[in-house]
Amino acid sequence: MTQPEQSPLGKASSYADRYDASLLFPIARQPKRDEIGITRSPVFFGADLWTVFELSWLNPRGKPQVALAHITVPCESTHIIESKSFKLYLNSFNNTTFADAAAVQARLRADISAAVWQGGPVMTSVGVRLLAPDVFDQEPVHELDGLSLDRLDIECSRYTPAPELLTAAFDEQPVSEVLVSNLLKSNCLVTGQPDWGSVQIRYSGPQIDQASLLQYIVSFRNHNEFHEQCVERIFMDIWTRCRPVKLVVYARYTRRGGVDINPFRTSHPLPVPANVRTARQ
């Protein structure tokens with residue numbers, strides 16, 4: 001089994017500039033899911049939305065081409081891809097010739113799909129969309145919609161995940177709310193480098209105490225875990241302790257090394273949101 005500490009994270013790396021799919025380093029989702037009580041099929045649907053800002057290759061005449069890429073990895077996949085290995089893989093396109101953008105798109109889809117299913121049958125292919133420079137100006141910037149939890153003047157003293165902070169009004173009428181915070185921060189599981197994010201929580205059910213929810217979000221501040229794992233932990237803590245009828249957790253993390261990762265988890269089938277960056281991304 002591939003382990004995070006065996007990945008390129010935190011190690012000096014040479015940057016290959018010729019195509020090499022073997023640079024992708026898959027990490028199994030299940031061990032971290034076991035920690036949060038997901039021992040069989042997850043209770044959620046969703047995907048991880050990746051934005052690639054540094055993608056380049058050569059056309060048949062040797063002229064460099066550039067594009068943005070939106071990549072959608074289904075959360076049902078057995079593995080995630082460690083982000084530094086993904087950047088090394090993308091760099092391997094730099095001096096590689098492709099017939100056209102469609103060939104690059106097909107190569108990305110095939111390689112990433114194979115990596116996240118790690119030798120098993122590809123149950124759902126990874127989505128890949130390339131954006132050429134002539135549409136860069138059409139890329140929107142929009143903050144997550146919802147009522148800001150950050151308006152609350154609260155005292156914070158917990159900086160590792162504290163699900164016991166979460167409370168809900170089980171003896172009152174249920175509500176439907178969309179709540180957001182820009183105060184999500186966690187750290188890389190291997191290097192400890194900070195990961196900054198915003199989170200949107202959409203739910204129906206017993207009303208969640210907003211102050212305690214914000215304190216809970218802040219409690220991730222010194223926690224070491226990958227983005228996808230943090231969002232699944234948040235989802236499961238709210239799901240089990242606040243018992244909503246419906247729940248959606250969506251986080252957008254700031255980019256590092258030209259890539260951002262934005263996990264989306266929902267208790268019920270929903271379309272994956274459009275991959276629209278926030279101002280900090």
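Residues numbered from 1 in each chain as written. Predicted model: local features only at pLDDT ≥ 70, side-chain atom pairs only at ≥ 80, totals over all residues. Heavy atoms only, no water.

### Focus: the state of the cysteines
Okay, so step 1: Under the definition given, this model contains 0 disulfides.
Okay, so step 2: Here C188 is not cross-linked by a disulfide; its sulfur's nearest cysteine counterpart is in C230, at 10 Å.
Okay, so step 3: Judged by relative accessible area, which is 3%, C188 ranks as buried.
Okay, so step 4: We note that C242 lacks a disulfide partner, and the nearest cysteine sulfur, in C156, lies 17 Å from it. (Disulfide = S-S within 2.5 Å. Buried < 20%, exposed > 50% of the residue type's maximum accessible area, 1.4 Å probe, protein only.)

### Overview of unusual backbone geometry
Okay, so step 1: At R243, a residue that is not glycine, the phi angle is positive and equals roughly 50°.
Okay, so step 2: Looking at the element boundaries, R243 is found in the loop between α5 (227-242) and β11 (246-253). (Helix = DSSP H or I, 4+ residues; strand = E, 2+ residues; numbered from the N terminus.)

### Some thoughts on the packing of aromatic side chains
Okay, so step 1: According to the stated counting rule, one finds 11 aromatic pairs in the structure shown.
Okay, so step 2: Ring centres of Y216 and F220 lie 5.3 Å apart, and the angle between their planes is 90°; this geometry places the pair in the edge-to-face category.
Okay, so step 3: Residue classification places Y216 among the buried positions, given a relative accessible area of 0%.
Okay, so step 4: Taking the relative accessible area as the measure of exposure, F220 reaches 0% and is therefore buried.
Okay, so step 5: An aromatic cluster of at least three residues, connected via ring pairs, comprises Y19, W50, F86, Y89, F93 and F98.
Okay, so step 6: When the ring centre of F53 is taken as origin, the NZ or CZ atom of R255, which lies over that ring, is 3.5 Å away. (Phe/Tyr/Trp six-rings, centres within 6.5 Å; stacked < 30°, edge-to-face > 60°. Lys NZ or Arg CZ within 6 Å of the ring centre and 35° of its normal.)

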